[in-house]
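Each chain is listed here by its residues.
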There are 2 protein chains.
Amino acid sequence: MTQMEAARQGIITNEMKEVAEQERVDAEEVRRAIADGTAVIPCNKNHKGLKPCGIGSGLRTKVNANVGTSEAYADLEEELLKAKAAIEAGADAIMDLSTGGDIAAIRKAILAEIHVPLGTVPIYEVGVRARKERGSVVEFTEEELFEVIEEQAEQGVDFMTVHCGVTLEAVERLRREGRITDIVSRGGAFLTGWMLKSGRQNPLYEKFDKLLEIARKYDITLSLGDGLRPGCLADATDRAQIQELIVLGELVQEARKHGVQVMVEGPGHVPMDQIEANVKLQKRICHGAPFYVLGPLVTDVAAGYDHIAAAIGGAIAAAAGADFLCYVTPAEHLGLPTVEDVREGVIASRIAAHAADIVKGVSGARKWDLEMAKARKNLDWDSQIKLAIDPVKAARYREKRNTSDTKTCTICGNFCAMDVVAKFLGTEKINC
Amino acid sequence: MTQMEAARQGIITNEMKEVAEQERVDAEEVRRAIADGTAVIPCNKNHKGLKPCGIGSGLRTKVNANVGTSEAYADLEEELLKAKAAIEAGADAIMDLSTGGDIAAIRKAILAEIHVPLGTVPIYEVGVRARKERGSVVEFTEEELFEVIEEQAEQGVDFMTVHCGVTLEAVERLRREGRITDIVSRGGAFLTGWMLKSGRQNPLYEKFDKLLEIARKYDITLSLGDGLRPGCLADATDRAQIQELIVLGELVQEARKHGVQVMVEGPGHVPMDQIEANVKLQKRICHGAPFYVLGPLVTDVAAGYDHIAAAIGGAIAAAAGADFLCYVTPAEHLGLPTVEDVREGVIASRIAAHAADIVKGVSGARKWDLEMAKARKNLDWDSQIKLAIDPVKAARYREKRNTSDTKTCTICGNFCAMDVVAKFLGTEKINC
């Protein structure tokens, strides 16, 4: 039984219980959301040691960090370090997007070492194998595609990005639209190449039932990829993107019929004033399926600082109802991230997620800020550092610039507003 | 004549012309906005070599960077370096918030070296002198307060934060409200201390006419400070804050009557879902005066990354109509920023400002992103670097992670979506 099937039979699984405990919500509420499909718990039956994580309605907004080798940088150890750094920084899930070196071995190592849900994009491995064996990423057969999916499923992957909505019709719509950056999704591009070359329909769409069968067997959560997501602001929310979303909405219903957990991926590059509309549209078209957004980036020009452009977009998206933020690192659009970039990317996304959780009314979100506010008022530095979203960095800043015996900080020194006011409101008399 | 007086007489000054040229808008539109008070051009008649900068309706969202010594770090050279780094990173204005060392000398040096508008908070110097001479920041006379303002005006300061709305009545409202962090504005705290000690009204309110006289003489733009701004999310948009805003709205009208340019400062720490309301309220209550927001920070817990929390809030505020963003550095709440922190803070604010300008419809904003999108599509790396918001950092990332002869980047290598799609859409045949 999948989590969804269990939930529908009224069963509160151990995973649901754990999620409810983590989130301090009622387990019955979690069960109901899983049954409805408005939340998912990606947990492959073969992923040993997994700490379950819920994504969706009523739950804390989650953050995913991508790691993975490329052809130029195929160092397994470094990617493992990145995965660990991401989790240490508070990432809720990891996606392994490796395309270099022994991809299966890397995935195996990550699965063994990390205990958060792991996601992949199986079409990458399909394309990489095809290129190695036949010289082109699009030289693969349907059978090979499903073989790779089954292999990864068997290995224990918890959620998979599958670009099922990149149909021949959607690509034709994209052509008619006339985009600036066409297709920027690698998976979307591989499948589009395959379709245009073979003249045949996307197998992930045409044989969606086969995909559902594998997903159901291992309880893999399908993450319906947005292969036609905009790669720049000018392409955002266009007919191609929305056409794909409509197809994904149909597939959400189909997956639910089969008891398969499913979420939907979203843009991308989106101007601030279109973000809320994107979220509302996804929620309606996909009948409340969890929304997993890639950013969105609110400008195209922030290369070197795309984690900040993504934090702005991610916060707005999450406040509007998005459930899962894919992090973006400062290296986005420029190269593979370093361990430090990964860390910065995770924290930026967590700030966005938390800012949104405050206004979403997520359990405990406001309390954290209130505790920090009280620690500030009391000039209680130990608590301020402990309550910071990244205590390590906060401590580093504090130590670098302040002597440990000053109660106030070096910004204001003896001119601390908290001090002055405390004295005159009679709260406490300090050195002003 | 002040810019406002000239504008009202139908005169398009050189400053208005320059602003119109920079912004690629009609000079007559700039004149009209200055006449109405919906935009300002802070330009003290004594600030030699100033490159004028317009702030307000119809203009690009501007970014201010704070620099300044503290008692613990009173190194003039370092603050000058910060000011220069801020301008190099694209700051539109600088505020000198020095409280350590020879404050007048620091200001003089900054004024001589920088050519963007300079702002100050005169009450800091008043408090520092009082403490030095009489042992407490609140031991000053009204005369001394106005003396310092006149001295700074004479020196060439272009805009001044004056906390005129911190009245006895507003402080009483704050007391009745019962806040978590009371007053976090240093200027607001000094004045509150002065009032509670002396039992007298805020001289900047009671003798506002005297302030207007000085401002008019040098054409200083008054930046009506929000001394009662919230210092944490829980205090945001409370009665004390709005009470002060109402007073500031009255003072805006009064300033305009006297031909004095004026803008209004805003919070602070604000939950995402209250930001738009804050901006709309300020615009209505203050009859369209330019809004200068300090962040706002969308969470209290991001110490070490407050530039990101501020970028989220600043983008939302600017998109809702805020005109001027005060940067926040990663060191906020922890210590004085370094030169590198200043740089990071400025870029984060510029990303927020630009993301908002795109949706505000500011002249040229979308074009920048479109050019970047085209450069990406064409895998034109030189243009991508040049068009990045911080070309220096973008180039550093690119060089670190890529060999100069690869057309694609190391993220995707031979699996570049742009390449695959270009081939199959027939745009260009590359190595896939």
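Residues numbered from 1 in each chain as written. Chains lettered and ligands numbered in written order. Predicted model: local features only at pLDDT ≥ 70, side-chain atom pairs only at ≥ 80, totals over all residues. Heavy atoms only, no water.

### Details of the UniProt feature "binding site: [4Fe-4S] cluster" (unreviewed entry) in chain A
Residue and element names in this part refer to chain A.
Thought 1: Residues annotated in UniProt with the feature "binding site: [4Fe-4S] cluster" (unreviewed entry) correspond here to Cys409, Cys412 and Cys416.
Thought 2: Residue placement: Cys416 occurs in the loop between α18 (391–401) and α19 (417–424).
Thought 3: Its relative accessible area of 7% is what places Cys416 among the buried residues. (UniProt positions renumbered as here; feature names shortened; annotations may be inferred. Helix = DSSP H or I, 4+ residues; strand = E, 2+ residues; numbered from the N terminus. Buried < 20%, exposed > 50% of the residue type's maximum accessible area, 1.4 Å probe, protein only.)

### Some remarks on the relation of the copies chain B and chain A
Thought 1: Take chain B, turn it by 180°, move it 0.0 Å along the axis, and it overlays chain A with an RMSD of 0.0 Å. Look at the turn and shift together and you get a two-fold axis relating the two. The rotation axis passes nearest to the C-alpha of Ile312 of chain B in chain B, at a distance of 2.3 Å.
Thought 2: Take the interface residues of chain B: 100% of them recur as interface residues in chain A, which is what a same-surface contact looks like. (Least-squares fit on C-alpha atoms with pLDDT ≥ 70 in both. Contact = heavy atoms within 4.5 Å.)

### So, the sheet that holds strand β8 (residues 262–266) of chain B
The strands that make up a sheet are held in pairs by hydrogen bonds between backbone atoms, and each pair lies either parallel or antiparallel.
Residues and elements named next belong to chain B.
Thought 1: Read around the barrel, eight strands follow the order β3-β4-β5-β6-β7-β8-β9-β10 and close on themselves; strand pairing throughout is parallel. On average, adjacent strands in this sheet sit at an angle of 25° to one another, irrespective of strand direction.
Thought 2: Running at roughly 160° to strand β5 (residues 118–120), helix α5 (residues 103–113) makes contact with β3 (62–67), β4 (93–96) and β5 of the sheet.
Thought 3: Contacting β3 and β10 (324–326), helix α15 (residues 339–360) runs over the sheet at an angle of about 160° to β3. (Pairing = 2+ DSSP bridges. Axes fitted to C-alpha atoms, helices over the stretch in contact; angles between N-to-C directions.)

### Examining the side chain of Arg179 of chain B
Residue and element names in this part refer to chain B.
Thought 1: Inspection of the secondary structure puts Arg179 in the loop between α8 (168–177) and α9 (186–198).
Thought 2: Engagement of the side chain of Arg179 in a polar contact is seen with the backbone oxygen of Leu228, the distance being 2.6 Å.
Thought 3: For Arg179, the side chain forms a polar contact with the side chain of Asp238, separated by 2.8 Å.
Thought 4: Non-local contacts of Arg179, meaning those with residues more than four positions away in its chain, are made with Leu174, Leu228, Arg229, Pro230, Asp235, Asp238, Ala240 and Gln241. (Polar contact = N/O pair within 3.5 Å; in protein donor to acceptor, adjacent residues only side chain to side chain.)

### Description of the packing of helix α2 (residues 14–23) of chain A against helix α3 (residues 27–36) of chain A
Residues and elements named next belong to chain A.
Thought 1: Relative to each other, α2 and α3 sit at 120°, their axes nearing to 8 Å. Put simply, α2 runs oblique to α3. For α2 against α3, the interelement crossing comes out right-handed. Every residue of α3 that contacts α2 at Met16, Val19 and Ala20 is listed here: Ala27, Val30, Arg31 and Ile34.
Thought 2: For the contact of α2 with α3, the per-class residue count stands at six nonpolar, no polar and one charged. (Parallel < 35°, antiparallel > 145°, perpendicular 65-115°, else oblique. Left-handed = near helix turned anticlockwise from the far one by under 90°. Nonpolar A, V, L, I, M, F, W, Y, C, P; charged D, E, K, R; others polar.)

### A few points about the packing of aromatic side chains
Thought 1: Overall, the coordinates contain 10 aromatic pairs over all chains when judged by the stated rule.
Thought 2: On the numbers, 4.1 Å between centres and 25° between planes, the contact of Tyr292 of chain A with Phe324 of chain A is stacked. Of this pair, Tyr292 of chain A sits in strand β9 (residues 291–294) while Phe324 of chain A sits in strand β10 (residues 324–326), placing them 32 residues apart in sequence.
Thought 3: Aromatic pair Phe140 of chain B and Trp194 of chain B: ring centres 5.9 Å apart, planes at 20°, arrangement stacked. Of this pair, Phe140 of chain B sits in the loop between α6 (122–134) and α7 (142–155) while Trp194 of chain B is found in helix α9, placing the two residues 54 residues apart along the sequence. Residues Phe140 of chain B and Trp194 of chain B agree in their burial class; the two are buried.
Thought 4: In this structure an aromatic cluster arises from ring pairing among Phe159, Tyr292 and Phe324 of chain A.
Thought 5: We note Arg186 of chain A situated over the ring of Tyr124 of chain A; from NZ or CZ to the ring centre the distance is 4.2 Å.
Thought 6: Here Lys400 of chain B stacks its cationic end above the ring of Tyr397 of chain B, 4.6 Å away from the centre of that ring. (Phe/Tyr/Trp six-rings, centres within 6.5 Å; stacked < 30°, edge-to-face > 60°. Lys NZ or Arg CZ within 6 Å of the ring centre and 35° of its normal.)

### Thoughts on the UniProt feature "binding site: Zn(2+)" (unreviewed entry) in chain A
Residue and element names in this part refer to chain A.
Thought 1: Mapped onto this numbering, the UniProt entry gives "binding site: Zn(2+)" (unreviewed entry) at His269 and His333. Of the residues just listed, which span 65 residues, no C-alpha pair is farther apart than 12.2 Å, and they cluster in one region.
Thought 2: Structurally, the position occupied by His269 is in the loop between β8 (262–266) and α13 (272–285).
Thought 3: Separated by 2.7 Å, the side chains of His269 and Asp300 make a polar contact.
Thought 4: Tracing the chain through its elements places His333 in the loop between β10 and α15 (339–360).
Thought 5: Classification of His333 as buried rests on a relative accessible area of 16%.
Thought 6: Within the structure, His333 has its side chain in polar contact with the side chain of His269 (distance 3.4 Å).

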